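Inside the fold
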Amino acid sequence: MVAITLPDGSRRHYPGPVSGLDIARDIGPGLAKAALACTVDDEMWDLTRPIEHDATVALITAKDEAGLELIRHDAAHVMAEAVQELYPGTQVTIGPAIENGFYYDFARNEPFTPDDLERIEARMREIVDRDEAITREVWDRDAAIAHFKGLGEQYKAEIIADLPAGEPITVYRQGDWKDLCRGPHLPSTGRLGKAFKLTKLAGAYWRGDARNAQLQRIYGTAWATDKQLKDYLHMLEEAEKRDHRRLGREMGLFHLQEEAQGAVFWHPKGWTLYRTLQSYMRRRLEAAEYVEVNTPSVVDRSLWERSGHWAKFRENMFTTSTDDDRMLALKPMNCPGHVQIFRQGIKSYRDLPLRMAEFGSCHRNEAHGALHGLMRVRAFVQDDAHIFCTEDQIVSETRAFCDLLKSVYQDLGFESVAVKFSDRPEVRAGADATWDKAEAALKEATEAAGLDWTLNPGEGAFYGPKLEFVLRDAIGRDWQCGTLQVDFVLPERLDAEYVGEDGEKHRPVMLHRAILGTFERFLGILIENTAGRFPLWLAPLQVVVATITSDADAYASAVVTALRRAGLKAEMDTRNEKINYKVREHSAAKVPVIAVVGKREAEDHTVALRRLGGARQEVLALEDTLNTLKEEAMPPDLVRQSAEAGPGGMDRVA
RNA sequence: GCCGCAGUAGCUCAGCUGGUAGAGCAACGCAUUCGUAAUGCGUGGGUCGGGGGUUCAAGUCCCUCCUGCGGCACCA
């Protein structure tokens with residue numbers, strides 16, 4: 001007897017071994033048709049694999065996230081089968097499901113071309129039509145190695161040889177094709193459906209190691225239904241329109257050119273945006289009791305040798321030399337400079353925590369292939385700061401930092417942030433007890449700030465654990481922006497010390513931290529996140545006053561002057577064009593507010609306001625317009641400040 | 001840095017198997033004074049990414065370098 005418990009708690013009894021498919025049929029033909037796999041005691045199983053003991057079983061369909069993952073994984077297998085049919089001699093390696101799709105890495109001497117993708121996709125559809133049964137087989141390890149070696153599949157043989165002893169070696173057979181795979185899989189290739197598409201071709205190193213051979217990776221996307229596929233492709237097209245490189249050009253924010261690879265030419269509007277964000281950050285840091293400093297950009301090699309950068313970071317540093325042969329380097333980070341300031345004079349425990357901020361211009365010679373618009377540049381400015389504190393202050397400082405970060409992100413429109421917690425790596429400096437303390441402090445503080453985090457095991461810096469705050473760009477790529485790193489090493493190397501309560505000298509701990517990360521990257525993300533429709537307080541051009549006919553030119557000029565006096569960034573459009581044309585153009589340029597003035601407005605001293613994205617207008621008296629827009633354009637931190645000041649403190653009550 | 005793809009006017013792109021560059025938008029000029037997402041007509045604009053080669057002839061074919069794009073590796 002086998003007793004099967006279903007998710008709703010009901011129980012079914014079977015005389016002998018039973019498969020997920022049997023159970024599904026038992027429940028109903030609809031489910032039998034929809035079921036793709038099942039979970040047996042929370043472990044994913046093939047639908048046809050016999051269950052021999054009492055278990056809790058849940059059936060998985062394409063509506064489940066797990067079902068979609070199965071579809072994607074099968075798509076990878078079907079693609080591999082198609083590739084091996086079309087291009088004999090190609091070796092298969094690995095092919096997992098990923099977010100939105102799948103890939104498979106192949107080893108083949110000839111490169112695949114975009115035309116090949118079409119052929120492969122067509123063959124995949126044939127394989128789906130063949131509806132080959134997919135069956136699971138457990139093999140003997142040596143037999144499996146011999147089998148794949150015999151086929152010339154060196155990579156597969158290597159994978160099997162590296163599997164931990166005791167792990168069952170499962171081979172999945174679909175038609176005449178076999179692949180080593182942990183599974184599970186769909187019952188047959190027909191179940192995959194045809195809502196898939198091969199999307200891109202790329203190189204990828206075997207086992208992700210640049211010292212290994214480079215394989216050819218084919219990416220695809222796969223979905224349960226054609227509609228889902230269509231929606232996804234549409235979403236990608238839409239996302240492309242908000243690419244910050246495109247919007248940067250269209251909106252006249254910045255440009256890049258080959259003579260200064262990886263460095264940004266900020267145009268007036270872009271630089272206004274940049275400065276607005278920087279002013280905001282500066283106010284936030286000041287309010288959080290940071291002090292701001294500025295340290296040299298070009299620094300003698302000897303300092304970098306002492307800090308350890310010369311040994312660890314040399315490849316990424318730009319260097320220059322003087323006539324007397326001194327070797328200098330452009331700073332890639334601000335930290336050594338900050339320690340130099342800390343070291344001036346004697347510091348007491350009373351000076352700690354000392355929060356030292358700098359919007360310092362840094363340069364790193366990033367690998368050519370790593371450059372990417374504003375997201376990965378060679379010249380950048382961080383909202384950088386180093387907190388010199390005692391070990392006992394790590395918790396409170398981290399907590400304060402997480403709170404500040406959360407508040408800043410919220411102000412800038414990011415409600416949820418992915419937080420990665422990277423703990424001790426194998427090779428590290430510092431005693432285990434110190435690491436225990438630092439890791440516990442980081443965790444506690446992150447949770448106290450209400451941030452959800454995931455563990456990134458062993459990925460911490462050699463000098464301490466770190467938090468990474470990751471934001472996502474328009475097409476789903478993740479970029480690390482904020483960070484907090486606990487550092488026990490640099491104060492030691494650069495000999496930072498303070499006098500404690502006990503009168504003895506002690507080493508401070510350094511917390512390296514940034515919220516935005518770099519202004520460049522953050523602005524790239526911000527442009528994509530807002531699709532260029534910045535909130536009024538950030539918009540580099542807030543209002544355009546557009547005239548209907550030249551009769552209103554003088555009044556328009558008065559309105560612009562009044563707006564500017566009220567602190568708004570306003571421009572005037574008195575061109576001899578129709579109002580339709582002007583509205584269209586400024587809307588396309590994503591100007592948040594268009595103030596239309598014609599004869600009527602000039603006579604009544606009013607303004608017809610049109611908001612970006614809205615189709616309606618509201619006619620307001622000029623005075624009201626000024627007050628309304630002034631309020632709306634107030635940066636969020638100042639809004640809070642004036643609210644705290646209470647009624648009468650300032651105009652605005654949030 | 002590695003693999004693949006691409007580079008034609010400010011932008012988006014066309015230019016078949018080699019015969020000497022084209023459209024739309026933008027810009028500029030003229031006309032139009034108009035009530036909320038494109039007024040009409042006209043004009044100018046290109047060493048076809050750089051260099052080399054093949055050819056009577058190269059945007060088109062070959063080599064090479066540069067840059068960009070998509071991944072991979074890297075991201076202290």
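Conventions we followed
Sequence order as written defines residue numbering, which begins from 1 separately in each chain. Chain A is the first chain written and ligand 1 is the first ligand written, with later ones labelled in order. In keeping with the model being predicted, local features are shown solely for residues with a pLDDT of at least 70 and side-chain atom pairs are shown and tallied solely at 80 or more, while totals for entire chains, interfaces and linings include all residues. As a convention, hydrogens and water are excluded, and side-chain values are obtained from all of the structure's heavy atoms. UniProt positions are given in the numbering used here, feature names are shortened, and annotations may be inferred rather than shown by experiment. Secondary structure counts use DSSP, requiring at least four H or I residues in a row for a helix and at least two E residues in a row for a strand, with both numbered from the N terminus. Relative accessibility under 20% of the residue-type maximum defines a buried residue, over 50% an exposed one, and the middle range a partly exposed one, all with a 1.4 Å probe and only protein chains included. By the convention used here, residues are in contact when the closest approach between their heavy atoms is within 4.5 Å. Under the convention used here, a 1.4 Å probe and the Shrake-Rupley method define accessible areas, while residue burial counts only the protein chains that appear. His is not counted, nor are the chain ends; Lys and Arg add positive charge and Asp and Glu add negative charge. The atoms used to mark charge sites are NZ of Lys, CZ of Arg, CG of Asp and CD of Glu. Here is the rule: rings of Phe, Tyr and Trp (six-membered ring for Trp) pair when centre to centre is within 6.5 Å. Planes less than 30 degrees apart are stacked, more than 60 are edge-to-face, and the remainder are tilted. Fitted lines through C-alpha atoms give the axes, limited to the stretch in contact for helices. The angle between two N-to-C directions lies from 0 to 180 degrees. Small angles under 35 degrees read as roughly parallel and large ones over 145 as roughly antiparallel, with 65 to 115 read as roughly perpendicular and the rest as oblique. Here a crossing is called left-handed whenever its near helix is offset anticlockwise from the far helix by less than a right angle, and right-handed whenever the offset is clockwise. Under the grouping applied here, Gly and all other residues not named as nonpolar or charged are polar, the nonpolar ones being Ala, Val, Leu, Ile, Met, Phe, Trp, Tyr, Cys and Pro and the charged ones Asp, Glu, Lys and Arg. Pairing between two strands requires that DSSP report at least two bridges joining them. A 1.4 Å probe that fits but cannot get out identifies a cavity on a 1 Å grid over protein atoms alone, an open set with protein on both sides within 12 Å along at least five of seven lines counts as a pocket, and a residue lines either if it has an atom within 4 Å of a point. Grid points are joined across faces, edges and corners, and a volume is the space filled by probe spheres set on the points. Distances are taken per atom, and a residue is near a molecule or strand as soon as one of its heavy atoms is within 4 Å of it. What qualifies as a polar contact is a pair of N or O atoms within 3.5 Å, subject to a donor-acceptor requirement within protein and to the restriction that residues adjacent in sequence count only when both atoms come from side chains. The source of the domain bounds is an automatic or database domain assignment. A residue's pLDDT is simply how confident the predictor is in it, with values from 0 to 100. Think of a nonpolar core as a cluster: buried Ala, Val, Leu, Ile, Met, Phe, Trp, Tyr and Cys residues, connected wherever their side-chain atoms sit within 4.5 Å. Each reported salt bridge corresponds to a side-chain nitrogen of Lys or Arg within 4 Å of a carboxyl oxygen of Asp or Glu.

The name an unreviewed UniProt entry assigns to chain A is Threonine--tRNA ligase, from the organism Roseospira goensis. UniProt annotates chain A under Subcellular location (unreviewed entry) with the comment "Cytoplasm". A UniProt comment under Catalytic activity (unreviewed entry) is attached to chain A, and it reads "tRNA(Thr) + L-threonine + ATP = L-threonyl-tRNA(Thr) + AMP + diphosphate + H(+)".

**Observations concerning the overall build of chain A**
In terms of regular secondary structure, chain A is built from 21 helices and 37 strands. C-alpha atoms of chain A, sized along the principal axes, occupy 85 × 75 × 60 Å. Counting only residues that meet the buried cut, chain A has 50% of its 654 residues in that class. Pairs at least 24 residues apart make up 67% of the contacts formed inside chain A by residues separated by at least 6 positions. Total accessible area on chain A is roughly 31,600 Å²; 48% of this is exposed by carbon and sulfur atoms. Charged side chains of chain A number 83 positive and 103 negative; the gap between the two group centres comes to 3 Å.

**So, the packing of aromatic side chains**
A complete count under the given rule lists 18 aromatic pairs for this structure. Geometrically, the ring pair formed by Tyr155 and Trp206 is edge-to-face, given 4.8 Å between the ring centres and 75° between the ring planes. With Tyr155 in helix H6 (residues 154-162) and Trp206 in the loop between strand E14 (196-205) and strand E15 (214-222), this pair connects stretches of sequence that are 51 residues apart. Geometrically, the ring pair formed by Tyr409 and Phe522 is tilted, given 6.1 Å between the ring centres and 40° between the ring planes.

**A look at the packing of helix H5 (residues 141-150) against H6**
Where H5 meets H6, the closest approach of the two axes is 8 Å, and the angle between their N-to-C directions is 165°. As summarised for this structure, H5 and H6 are arranged roughly antiparallel, according to the angle between their axes. As for how H5 packs across H6, the hand of that crossing is left-handed. Only Gln154, Lys156, Ala157, Ile160 and Ala161 of H6 make contact with H5, whose side of the interface consists of Arg141, Ala144, Ile145, Phe148 and Lys149. When grouped by side-chain class, the residues that make up the contact of H5 with H6 number six nonpolar, one polar and three charged.

**Observations concerning the sheet that holds strand E13 (residues 177-180)**
Read across the sheet, three strands follow the order E11-E12-E13 without closing on themselves; strand pairing throughout is antiparallel. Looking along the sheet, the strands with just one partner apiece sit at the ends: strand E11 (134-139) and E13. Going across the sheet, the axis of each strand differs from the next one's by a mean of 25°, ignoring polarity. As defined by bridge partners, strand E12 (residues 169-174) adjoins E13 across four bridges and the pair is classed as antiparallel. Residue pairing for E13: Gln174 is matched across the bridge by Trp177. Contacts from helix H3 (residues 65-86) reach E11, E12 and E13 within the one sheet, and its direction differs from that of E13 by about 130°.

**With respect to the layout of surface pockets**
Taken as a whole, the largest pocket spans an internal volume of roughly 1,100 Å³. Lining the largest pocket are 38 residues, with Phe313, Met333, Arg364, Tyr463 and Gln485 positioned closest to its centre. At the level of secondary structure, the elements contributing two or more residues to the lining of the largest pocket comprise helix H11 (309-312), strand E25 (379-389), strand E28 (466-472), strand E29 (478-487), helix H15 (490-493) and strand E32 (509-518).

**Observations regarding the protein's contact with RNA strand B**
Lining the immediate surroundings of RNA strand B are 49 residues, of which Gln214, Gln261, Arg364, Asn576 and Arg610 lie closest. Arg249 places a polar side-chain atom, nitrogen or oxygen, 3.2 Å from a phosphate oxygen of RNA strand B. Within the side chain of Arg376, an N or O atom sits 2.8 Å from a base oxygen of RNA strand B. Among the secondary structure elements, those contributing two or more residues to the surface near RNA strand B are E14, E15, helix H8 (244-250), helix H18 (579-588), helix H19 (599-604) and strand E36 (606-611).

**Things to note about the domain arrangement of chain A**
Splitting chain A by domain gives domain 1 (2-61), domain 2 (75-239), domain 3 (283-296 + 331-530) and domain 4 (543-637). Once you take the C-alpha centre of each, domain 2 and domain 3 turn out to be 41 Å apart.

**What to know about the confidence of the model for chain A**
Any region with low pLDDT has predicted coordinates that should not be read closely. Taken over all residues, the pLDDT of chain A has a mean of 91, while the share at 70 or more is 99%. Predicted complex metrics record ipTM = 0.92 and pTM = 0.92.

**Section: the pairing of strand E1 (residues 2-5)**
The alternating pattern of E1 places Val2 and Ile4 and Ala3 and Thr5 on opposite faces, both of which are buried. Relative to strand E2 (residues 11-14), E1 runs antiparallel, the two being bridged by four bridges. Residue pairing in the sheet places Ala3 in a bridge with His13 of E2. What sits between the antiparallel neighbours E1 and E2 is a turn of five residues, in which Gly9 has the positive phi angle 95°. Here two bridges tie E1 to strand E7 (residues 55-61), and the two strands are oriented parallel to one another. Among the inter-strand pairings, Thr5 is bridged to a residue of E7, identified as Thr56.

**Things to note about the nonpolar core**
Side chains of a nonpolar character, in soluble globular proteins, are inclined to be buried together. One finds Tyr409, Leu412 and Phe522 to be the most contacted residues of the largest nonpolar core, which totals 63 residues. Once residues within four sequence positions are removed from consideration, Phe522 is found in contact with Leu277, Tyr409, Leu412, Phe414, Leu471, Cys481 and Leu516. Grouped together as the second largest cluster of nonpolar side chains are 35 residues, Met79, Val83, Ile120 and Ile218 included.

**Describing the pattern of salt bridges**
Overall, the coordinates contain 51 salt bridges when judged by the stated rule. Asp162 is the salt-bridge partner of Arg207, the closest N and O atoms lying 2.8 Å from each other. Of this pair, Arg207 sits in the loop between E14 and E15 while Asp162 sits in helix H6; the two residues are 45 residues apart in sequence, bridging distant segments of the chain. Under the relative-accessibility criterion, Arg207 is labelled partly exposed at 44%. Overall, Asp162 belongs to the partly exposed group, its relative accessible area being 47%. Here Arg376 and Glu366 are joined by a salt bridge, their closest N and O atoms 2.9 Å apart. One end of the pair, Arg376, is in the loop between strand E24 (361-363) and E25; the other, Glu366, is in the loop between E24 and E25, and ten residues separate them in sequence. Overall, Glu366 belongs to the buried group, its relative accessible area being 11%. Salt bridges linked by common partners bring Glu81, Glu85, Arg123, Glu126, Arg130 and Glu132 together as one network.

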